[in-house]
Amino acid sequence: MKLYFTRHGKTQWNQELRFQGMSGDSPLLPSSYEEIKLLGQTIKDVPFAKIYASTSKRARTTAEHINQELVQPAEIIYTDQLKELGLGKLEGQLIHEMRGKYSTELDHMRYQLDKYNPERFNGEPIEEAIARISAVVEQAVTAGEGPYLFVGHGASLTAAIQAMSGKSLAELRSMGGLKNNSLSILETEAPQHKPPYQLTLWNDDSFLQ
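Rules behind the numbers
- Residues numbered from 1 in each chain as written.
- Predicted model: local features only at pLDDT ≥ 70, side-chain atom pairs only at ≥ 80, totals over all residues.
- Heavy atoms only, no water.
- Core = buried A, V, L, I, M, F, W, Y, C linked by side-chain atoms within 4.5 Å.
- Buried < 20%, exposed > 50% of the residue type's maximum accessible area, 1.4 Å probe, protein only.
- Helix = DSSP H or I, 4+ residues; strand = E, 2+ residues; numbered from the N terminus.
- Contact = heavy atoms within 4.5 Å.
- Phe/Tyr/Trp six-rings, centres within 6.5 Å; stacked < 30°, edge-to-face > 60°.
- Salt bridge = Lys/Arg side-chain N within 4 Å of Asp/Glu carboxyl O.

> Kindly report on the nonpolar core, identifying the contributing residues and their values.
Grouped together as the largest cluster of nonpolar side chains are 21 residues, with contacts concentrated most on Tyr-4, Ile-43, Phe-48, Ile-51, Ile-66, Leu-149 and Val-151. Within the residue set of this core, elements represented by two or more residues are helix H2 (30-42), strand E2 (50-54), helix H3 (57-69), strand E4 (148-152) and strand E5 (183-187). Of the residues forming this core, the biggest block, three residues, is contributed by H3. Once you skip the residues sitting within four places of it in the chain, Tyr-4 turns out to touch Ile-43, Val-46, Phe-48, Pro-147, Tyr-148, Leu-149, Phe-150, Leu-183, Ser-184 and Ile-185. Counting residues in hydrophobic clusters, the runner-up holds 19 residues, among them Leu-3, Val-137, Tyr-197 and Trp-202.

> If you had to explain the environment of Met-22 to someone new, which residues and values would you point to?
Positionally, Met-22 belongs in the loop between helix H1 (12-16) and H2. Expressed as a C-alpha distance, the spacing of Met-22 and Ala-155, which sit 133 residues apart in the sequence, is 10 Å.

> If you had to explain the packing of aromatic side chains to someone new, which residues and values would you point to?
Going through the model one piece at a time under the given rule, you end up with six aromatic pairs. Centroid distance Tyr-4 to Phe-48: 5.2 Å. Interplanar angle 85 degrees. Geometry classified as edge-to-face. Here the residue Tyr-4 occupies a position in strand E1 (residues 2-7), and Phe-48 occupies one in the loop between H2 and E2, the gap between them amounting to 44 residues. Ring geometry for Tyr-52 versus Tyr-148: centroids 5.9 Å apart, planes at 65 degrees, classification edge-to-face. Here Tyr-52 is found in strand E2, whereas its partner Tyr-148 is found in strand E4, with 96 residues between them in sequence. Accessibility classification places Tyr-52 together with Tyr-148 in one group, the buried group. Grouping aromatic residues by their ring pairs yields a cluster made of Phe-5, Tyr-52, Tyr-148 and Phe-150.

> Hey, could you go over the pattern of salt bridges for me, with residue numbers and the actual values?
Per the stated rule, a full pass over the model turns up nine salt bridges. Across the pair Asp-45 and Lys-44 runs a salt bridge whose closest N-O atoms are separated by 3.5 Å. Judged by its relative accessible area of 33%, Lys-44 is partly exposed. Here Glu-105 makes a salt bridge to Arg-120, at a shortest N to O gap of 3.2 Å. With a gap of 15 residues between them, Glu-105 in helix H4 (residues 95-111) and Arg-120 in the loop between H4 and helix H5 (126-143) connect regions that are remote in the sequence. On the accessibility criterion, Glu-105 (12% relative accessible area) is buried.

Printed below as a string of structure tokens:
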């Protein structure tokens with residue numbers, strides 16, 4: 001069974017270099033719709049059993065526009081469990097300004113998640129984000145229908161996909177973070193309902209070039 005993952009299209013806050021997080025949100029850029037269309041056309045022949053999407057508007061809109069390109073449109077299930085990593089006081093703030101206050105924490109978030117501690121800005125522990133996303137994926141795999149598409153966010157999906165492929169916390173950022181509208185694939189064979197799954201494609205956006 002193949003499990004497809006993508007990050008939402010680029011947003012206004014992505015362009016402005018602001019943190020979005022779990023509760024923050026901003027509109028997709030006009031240029032993002034063409035990139036989402038290209039992604040949808042790339043996977044248009046995949047007979048998805050279901051699409052799971054974060055309830056954040058940027059992810060919902062991305063999922064809906066991908067679905068419009070599919071030969072066999074699928075039911076979209078929206079879930080808070082696929083939301084972005086909660087960033088507390090950082091949400092909506094400019095990244096460069098927050099680096100002045102939380103440089104150590106932000107370095108750990110980007111490069112060393114085994115050392116990441118978001119308590120100072122009331123953020124969500126990375127382990128909790130991984131657990132909620134993995135639960136959605138494992139539940140879908142257990143249903144046994146597949147393939148599935150999961151539409152989520154950069155920080156949380158990066159960590160969760162790598163964790164489900166068997167990597168430790170210290171290794172989760174070793175391959176970098178997910179780009180907007182990129183495609184990643186995990187594969188699993190029945191009756192393997194629990195990770196680790198095999199990572200067969202990571203962060204591919206060649207179809208956008």
